[in-house]
Amino acid sequence: MIYAKIMHHIERQIEAGTLKPGSKLPSIRSLSETFGCSNNTVIKAYSELEKKHLIYTVPKSGFYIVENMYPRNADAAINPVVDFLSAGPDKSIMPFRDYQHCINQAIEIYKEDMFTYSDKQGLYSLRSELARHLQDLQVFTVPERICIVSGSQQALHLFVSLPFPNGKHDICVEQPTHRSLIESIKLQGTKTFGVGITHEGIDLNHLESLFKRNTIKFFYTVSRFHNPTGFSYSNAQKRKIVELAQKYDVYIIEDDYMGDLDTNLKQDPMFAYDPSGRVIYTKSFSKVMLPGLRLGLAVVPDSMKDQFLRTKFASDLHTPVLTQGALEIYLKSGMYAAHILRMREIYSRKAELLQEAYRAHLPAEVTYSGSMSGFYSTISLPGRLKAKNLVDHLRKQQVLVDDVRGMFLPEFERDTMIRLSVSQVDEALIHTGIRLIASEITKLQLNKWDVKFV
Ligand SMILES: Cc1ncc(COP(=O)(O)O)c(C=O)c1O
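Residues numbered from 1 in each chain as written. Predicted model: local features only at pLDDT ≥ 70, side-chain atom pairs only at ≥ 80, totals over all residues. Heavy atoms only, no water.

### Notes on the domain arrangement of the protein
Part 1: Taken domain by domain, the protein consists of domain 1 (2-70), domain 2 (96-333) and domain 3 (337-445).
Part 2: Listed as interface residues are 32 residues of domain 2 and, on the opposing side, 27 residues of domain 3.
Part 3: Contact between domain 2 and domain 3 buries roughly 2400 Å² in total, counting both sides, with carbon and sulfur atoms accounting for 62%.
Part 4: Counting the surface domain 2 buries against domain 3, the share from its top three residues, Arg179, Pro228 and Leu261, is 24%.
Part 5: In this structure, the salt-bridge partner of Arg179 is Asp402, at a minimum N-O distance of 2.3 Å.
Part 6: There are 13 residue pairs in polar contact (both at pLDDT 80 or more) connecting domain 2 and domain 3.
Part 7: For the side of domain 2 that touches domain 3, the elements supplying multiple residues, two or more each, are β5 (170-175), α8 (179-188) and β6 (192-198).
Part 8: Here the side of domain 2 that touches domain 3 gets 5 residues from one element, more than from any other, and that element is β6. (Domains from an automatic or database assignment. Contact = heavy atoms within 4.5 Å. Buried area = accessible area lost by both parts, 1.4 Å probe. Salt bridge = Lys/Arg side-chain N within 4 Å of Asp/Glu carboxyl O. Polar contact = N/O pair within 3.5 Å; in protein donor to acceptor, adjacent residues only side chain to side chain. Helix = DSSP H or I, 4+ residues; strand = E, 2+ residues; numbered from the N terminus.)

### As for helix α14 (residues 387-396)
Part 1: Burial in α14 covers these residues: Ala387, Asn389, Leu390, Val391, His393 and Leu394.
Part 2: Looking at the buried side of α14, the elements it contacts are β14 (399-400), β15 (402-403), β16 (417-421) and α15 (427-445).
Part 3: One or two positions beyond α14, positive phi appears at Gln398, with a value near 65 degrees. (Buried < 20%, exposed > 50% of the residue type's maximum accessible area, 1.4 Å probe, protein only.)

### Concerning the sheet that holds β16
Part 1: With antiparallel pairing, the 4 strands of this open sheet are ordered in space as β12-β13-β16-β15. Of all strands in the sheet, those bounded by a partner on one side alone are β12 (367-368) and β15.
Part 2: As judged from the 2 bridges shared by β12 and strand β13 (residues 376-380), these two strands associate in the antiparallel manner. The residue of β13 that forms the bridge with Thr367 is Ser380. (Pairing = 2+ DSSP bridges.)

### Describing the site of the ligand
Part 1: In the neighbourhood of the ligand, 13 residues make up the surrounding shell, with Asn227, Asp255, Ser284, Ser286 and Arg294 lying closest.
Part 2: Gln153 is positioned such that a nitrogen or oxygen atom in its backbone is 2.9 Å from an oxygen atom of the ligand.
Part 3: In the environment of the ligand, an oxygen atom lies 2.7 Å from a nitrogen or oxygen atom belonging to the side chain of Arg294.
Part 4: For the ligand, whose free accessible area comes to 400 Å², the fraction covered by protein is 91%.
Part 5: Across the shell around the ligand, the residue classes tally to 3 nonpolar, 7 polar and 3 charged. (Near = heavy atom within 4 Å. Areas by Shrake-Rupley, 256 points an atom, 1.4 Å probe, with all protein chains shown as cover. Nonpolar A, V, L, I, M, F, W, Y, C, P; charged D, E, K, R; others polar.)

Structure representation (structure tokens):
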């Protein structure tokens, strides 16, 4: 196969350092002349190399070698860092060049409006576009209820402090849960109840008793690709949770931060089971796109909108308008949809590889979570092994993982779980990383290291 020959030729040049990270590859036409083949054969070779994250495309410019693909020093080449810690999107596929184009377009179209004070709720034209986009996620709403926020974290932080129409004050969260939400709760000193989450979800009877016995204003839930466990509720579980919220007059904040990555298009958000305002839906553009943009949205009930926007106005007047204008164009042009299709493919492949590696290498007594897409999963340690201890030992082996202590409320805190994010780990290193984790766990179990007992 000529395309395989072309791939081999380029891979060898990358390894030898003849093709340096960031450098441009020969054009399709010139390579087809060199190899005496059709343009399609070269395109096939380039697209296979792209799938292996060795090269990337810049539209209208060409193909480039991925940065930092091969470690620079000899030691790192033998023992590359396996980074299960970084939780941002895969840097090699961040669409920043496309976004640059959209920023330029936004300035051309909206001119100085991209640089003046703007609507505290967000650009109306963007909200209209988002209302259309949200339909693909089974969220049917109107632009008037969508509030653009400076990252979905801003909305979560505001909801922790805002009064709710049910007149209640406390919060209920899954345990563990998203670290920044725990930070908001701690900073604002809000009384909070936790409900444990496992790879099967939460105990609905426990949730009901918490709703019944306490004055809970909202239940915060990450309904798919939960952070840190990767768990996604079934539609039946989501419907049941919404019913409980209706019965006990509790609001739900549904954080759908990675919803776009779901390859199972039959999954409904909780919002679909009660679009009246009982379920407040939040969406982020960080994990699926560019976290530095700090763009997110919340679908806020009419009864809370004024108060929500007043509080947001007091904190930052409005979310930067240039990136909003660019997002509108990014969505309208179809670039977002194309990008998401690519991301789904990449992350579901990585998630499957990770689950395969867990099954192949982890000792039988170690349990793990995760799904067939998204970024996150957890490994629960057996016996009296401490996560912090394992994290430190793994760092010496160049394997980075997160211990999840900061993701628990103080009364739940546990040091027996590590979180792995697969987003920035090269596919070729997933099995290597899990093998090293498995071997460190075994060593610690055999008490070869300084295991600290509780
Ligand atoms: C559960 C969850 N929600 C939301 C976010 C993203 O928030 P933002 O849109 O503010 O970047 C994260 C990021 O880590 C997260 O883990």
